[in-house]
Each structure stands twice: as structure tokens, then as C-alpha cells.
Amino acid sequence: MKISILMCVKNSMPYIMASVDSFLKQDYKDKELIIIYSNSTDNSEDYIKSIKSNKIKKFKFDGSIYEALNFGINKLSGDLVGILHSDDIFFSKRTLSLISKE
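Conventions we followed
- Residues numbered from 1 in each chain as written.
- Predicted model: local features only at pLDDT ≥ 70, side-chain atom pairs only at ≥ 80, totals over all residues.
- Heavy atoms only, no water.
- Pairing = 2+ DSSP bridges.
- Helix = DSSP H or I, 4+ residues; strand = E, 2+ residues; numbered from the N terminus.
- Axes fitted to C-alpha atoms, helices over the stretch in contact; angles between N-to-C directions.
- Contact = heavy atoms within 4.5 Å.
- Salt bridge = Lys/Arg side-chain N within 4 Å of Asp/Glu carboxyl O.
- Buried < 20%, exposed > 50% of the residue type's maximum accessible area, 1.4 Å probe, protein only.
- Phe/Tyr/Trp six-rings, centres within 6.5 Å; stacked < 30°, edge-to-face > 60°.
- Core = buried A, V, L, I, M, F, W, Y, C linked by side-chain atoms within 4.5 Å.

## Considering the sheet that holds strand S2 (residues 31–37)
Spatially, the four strands line up as an open sheet ordered S3-S2-S1-S4, and their pairing is parallel. Pairing within the sheet leaves two strands with one partner each, and these edge strands are strand S3 (56–60) and strand S4 (80–83). Adjacent strand axes in the sheet meet at a mean angle of 20°, parallel and antiparallel pairs treated alike. Sheet contacts for helix H1 (residues 15–24): strand S1 (3–9), S2 and S3; angle to S2, the most-contacted strand, approximately 160°.

Shown next, in the form of C-alpha cells:
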């Protein structure tokens, strides 16, 4: 079962770094993170562009948060979908594994 996580980003530095790191540290292998980002006045966009992982797909989109969420939902390919806000983290590296078992 593939798990897709959606994240919308605007002006999220430095918190987004911990959020992405918590996704990458998940021990569940069949996962993807879809990042929808818009113009930021901090370094969020530069950080997003620097991420190198085949588990993360990045899309630039200018619109409201609700339009960005709908845009992102159309990019997901997983059987199970979740949202990780750009200033949140997964508490445990086993979070997605535990969710997949339920």
C-alpha cells in the first residue's frame, strides 16, 4: 500500500526542514511526499528546490491554500493519503508503518 503525504508551503523556514526530515526518516518504504509551494519571502523555495529525493515531488502553484490543496490532491498516487503541514513533524520514525497496519 502506497502512502501519499501532501504538504503546502509558503514562508515556512526553518520549520519545513524538520518536517521534510521527519518524512524522510520514516521507516515505511512505499511513500511519497507531494510539496505544493508558492512564492515565499524567506528561503523556503530555495530549500525545496535543493531537496534531492525520489520520494518527494515538488510543484509550484500560486493560489489560495484551498486551491493548493485541491491541486495537490490531484498529484497524489497513494492508496492512503495524509497531510503534513510544513511546520509539523512525524513524532516517530514508525508513524507511517503504524498507520499502514490499521
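Continuing now.
## Observations concerning the pattern of salt bridges
Per the counting criterion, the structure on display carries six salt bridges. The partner of Lys-25 in a salt bridge is Asp-21, and the shortest N-O contact between them spans 3.1 Å. Here Lys-57 ties to Glu-32 by a salt bridge, and the two come within 3.3 Å at their closest N and O atoms. With Lys-57 in strand S3 and Glu-32 in strand S2, this residue pair connects regions lying 25 residues apart in the sequence. The class for Lys-57 is partly exposed, based on a relative accessible area of 35%. You can call Glu-32 buried: its relative accessible area is 2%. Three or more residues are tied together by salt bridges with common partners; here these are Lys-2, Glu-32 and Lys-57.

## Remarks on the packing of aromatic side chains
If you walk through the whole model with that rule in mind, you get two aromatic pairs. Centre to centre, the rings of Phe-59 and Phe-71 are 6.2 Å apart; their planes meet at 80°, and the pair counts as edge-to-face. You can see Phe-59 sitting in strand S3 and its partner Phe-71 sitting in helix H3 (residues 65–73), a full 12 residues away along the chain. Ring centres of Phe-61 and Phe-71 lie 4.6 Å apart, and the angle between their planes is 20°; on these two criteria the pair is classed as stacked. On the criterion of sequence distance, the pair formed by Phe-61 in the loop between S3 and H3 and Phe-71 in helix H3 is long-range, its members being 10 residues apart.

## Topic: the nonpolar core
Formed by 18 residues in total, the largest nonpolar core has its most connected members in Ile-5, Met-7, Val-20, Phe-23, Leu-33 and Ile-35. If you list the elements that add at least two residues to this core, you get S1, H1, S2 and helix H2 (44–50). If we ignore the near neighbours within four places in the chain, the residues touching Met-7 are Ile-16, Ser-19, Val-20, Leu-33, Ile-34, Ile-35, Ile-36, Leu-84, His-85 and Ser-86. Membership of the second largest hydrophobic core comes to six residues, among which are Leu-6, Cys-8, Ala-68 and Leu-76.

Everything listed is a geometric property; what it means functionally is a separate question.
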